[in-house]
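So the chains spell out like this:
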Amino acid sequence: MVVKVGVLGSGFAAEFHMQSYVEIPNAKVVAVASRSRAAEFAGKWGIGRYYTGDDFIEKLCSDKEVDVVDIILPNFLHLKAVQICAENRKNIIIEKPLGRNLTEAKEMLNAVNRYGVLHAYAENQVFIPQIERVMDMVRNGAIGKVFWVRSREAHFGPHSPWFWDKNLSGGGSLLDMGCHSIEVTRKLINGKASEVLGWGDLLVHRDKTKAEDNSIVLVRYSGGELGQAENSWAAHGGLDLRYEIYGSEGAIFVDVTRETGIRVFTTAPEERVGYVVEKAEVAKGWLYPIWREFELYGYLYELRHFIESFQKGEMPRENFNDGVEVNRIIDAAYRSFNSRRWEPLSD
């Protein structure tokens, strides 16, 4: 059985999703919808139908041929899209973060539970090949008991204007990128988060946003383990994505974007160099070009797992329940920004 997918959105991340679907034989994208760019996107990817206009979400979700809706929309549209999808009995994939806050995330979880649809939380970094290998090693006890995970994701700012508007996005670097770091760490530690200490500030992009462009969050777990997430919208040098996992009998280091297996030094014109890596600011000097970005970032493997789960009628292993927990931790971190103390997690 081929799973028929309807894509909601036609922006940056939608390109990664489409590159992945092309290599998943049991998935077929049959429709795409966005407010204005759907026709261009459909033409590029050979998608049979497209929907536009202010009611593009309703149009796609009522398409009887669509089995699964892949929501790749700005954060402020997530709740509306999930509610409409669920009401139309469509199984759902949604890009991170689940909600702008815990309240929205819980409303989305309630909606999918109410209508009995399957749901997938598209946290791609959990499916990064290196991370999956590391998780296997950790589960097998290769470094003993994990007690500290340090993560860092940084670049010089997001690619779409809505990210800068705190009302639309829900937050700054913490919500945008910390959701990745926090969830991967949560799965590596495999414990229950108990309290959070956070710092965030607007240090560089004061002309663009009122949200934090730099943040550090410490998450304490019930077994005493510590998760540490560093995130920045103000760091030069292209995307910097790293994890350090410390255990009682060893340590593991993962560098996804700066140790790609390729090193280049060039003084050639940038148009001859081509694409280097997400958020690259220059294409001269020492470069670390990335390969099959949609695969290296985990998009191919997460979507393959989601489609296979839907085929079997099973809940994916990364789902809205995980998204809710991430929002719960992030909400506590934002409270800590203001209180300047450890904050317990709320219900």
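This write-up is about the structure you can find in this document.

## Side note on the overall build of the chain
Along the chain, the regular secondary structure elements total 12 helices and 15 strands. Taken over C-alpha atoms, the radius of gyration comes to 20 Å for the chain, in line with the 20 Å a tight globule of 347 residues would show. By the burial criterion, 58% of the 347 residues in the chain qualify as buried. For the chain, contacts bridging at least 24 residues in sequence account for 69% of all contacts bridging at least 6. Across the chain, the centroid of the 42 positively charged side chains sits 1 Å from that of the 48 negatively charged ones.

## What about the layout of surface pockets?
If you add up the space inside the largest pocket, you get close to 760 Å³. In terms of lining, the largest pocket is formed by 41 residues, of which the most central are F12, A13, H159, W162 and F163. Of all the elements in the fold, those that place two or more residues in the lining of the largest pocket are α1 (12-21) and α8 (173-189). The element that contributes the greatest number of residues to the lining of the largest pocket is α1, accounting for four residues. Class assignment for the residues of the lining of the largest pocket results in 20 nonpolar, 13 polar and eight charged.

## Some details on unusual backbone geometry
Of all residues except glycine, most have a negative phi; of all peptide bonds, most are trans. With an omega of -20°, the peptide bond between K96 and P97 qualifies as cis. Although it is not a glycine, R89 adopts a positive phi angle of roughly 60°. As for its position among the elements, R89 is in the loop between α4 (78-87) and β5 (91-95). Positive phi, close to 60°, is recorded for R340, a residue that is not glycine. Locating R340 in the fold gives a position in the loop between α12 (320-339) and β15 (343-344).

## Observations regarding the nonpolar core
Counting residues in hydrophobic clusters, the biggest one holds 106 residues, and the most contacted among them are L8, Y21, I71 and I245. Here L8 is in contact with A33, F56, I57, L60, C61, V69, D70, I71, I72, L73, A81 and C85, once residues within four sequence places are set aside. Counting residues in each nonpolar core, the second largest holds five residues, with F163, W164, M177 and W233 among its members.

## Structural notes on empty space enclosed by the protein
Here the structure, examined in full by the defined rule, presents two cavities of 30 Å³ or more. Of the volumes computed, that of the largest cavity is approximately 40 Å³. Forming the boundary of the largest cavity are S151, S181, I182, T185, V217, V219, Y221, G227, Q228 and A229. For the lining of the largest cavity, the secondary structure elements donating two or more residues are α8, β9 (214-221) and β10 (226-232). Put simply, the parts of the chain that give the lining of the second largest cavity at least two residues each are β7 (146-154) and β11 (240-247). Classifying every residue of the lining of the second largest cavity by side-chain character gives one nonpolar, one polar and four charged.

## Notes on the sheet that holds β10
Read from one edge to the other, the open sheet built from seven strands follows the order β12-β11-β7-β10-β9-β8-β15, with strand pairing classed as mixed. Unpaired on one side and paired on the other, β12 (250-255) and β15 mark the two borders of the sheet. By the bridge criterion, two bridges tie strand β8 (residues 193-201) to β15 in an arrangement that is antiparallel. Each residue of the ladder has a partner; that of E195, found in β15, is P344. α8 rests against β7, β9, β10 and β11 of the sheet, and its axis sits at about 155° to β10. Each of β8, β9 and β15 is contacted by α12, which is oriented at about 55° to β8, the strand it contacts most.

Cut-off values and rules
- Residues numbered from 1 in each chain as written.
- Predicted model: local features only at pLDDT ≥ 70, side-chain atom pairs only at ≥ 80, totals over all residues.
- Heavy atoms only, no water.
- Helix = DSSP H or I, 4+ residues; strand = E, 2+ residues; numbered from the N terminus.
- Rg over C-alpha atoms; globule rule 2.2 N^0.38 Å.
- Buried < 20%, exposed > 50% of the residue type's maximum accessible area, 1.4 Å probe, protein only.
- Contact = heavy atoms within 4.5 Å.
- Lys, Arg positive; Asp, Glu negative; His and termini not counted.
- Charge placed at Lys NZ, Arg CZ, Asp CG, Glu CD.
- 1 Å grid on protein atoms, 1.4 Å probe; cavity = no way out; pocket = protein on both sides within 12 Å on 5 of 7 lines; lining within 4 Å.
- Points joined across faces, edges and corners; volume = space filled by probe spheres on them.
- Nonpolar A, V, L, I, M, F, W, Y, C, P; charged D, E, K, R; others polar.
- Core = buried A, V, L, I, M, F, W, Y, C linked by side-chain atoms within 4.5 Å.
- Pairing = 2+ DSSP bridges.
- Axes fitted to C-alpha atoms, helices over the stretch in contact; angles between N-to-C directions.

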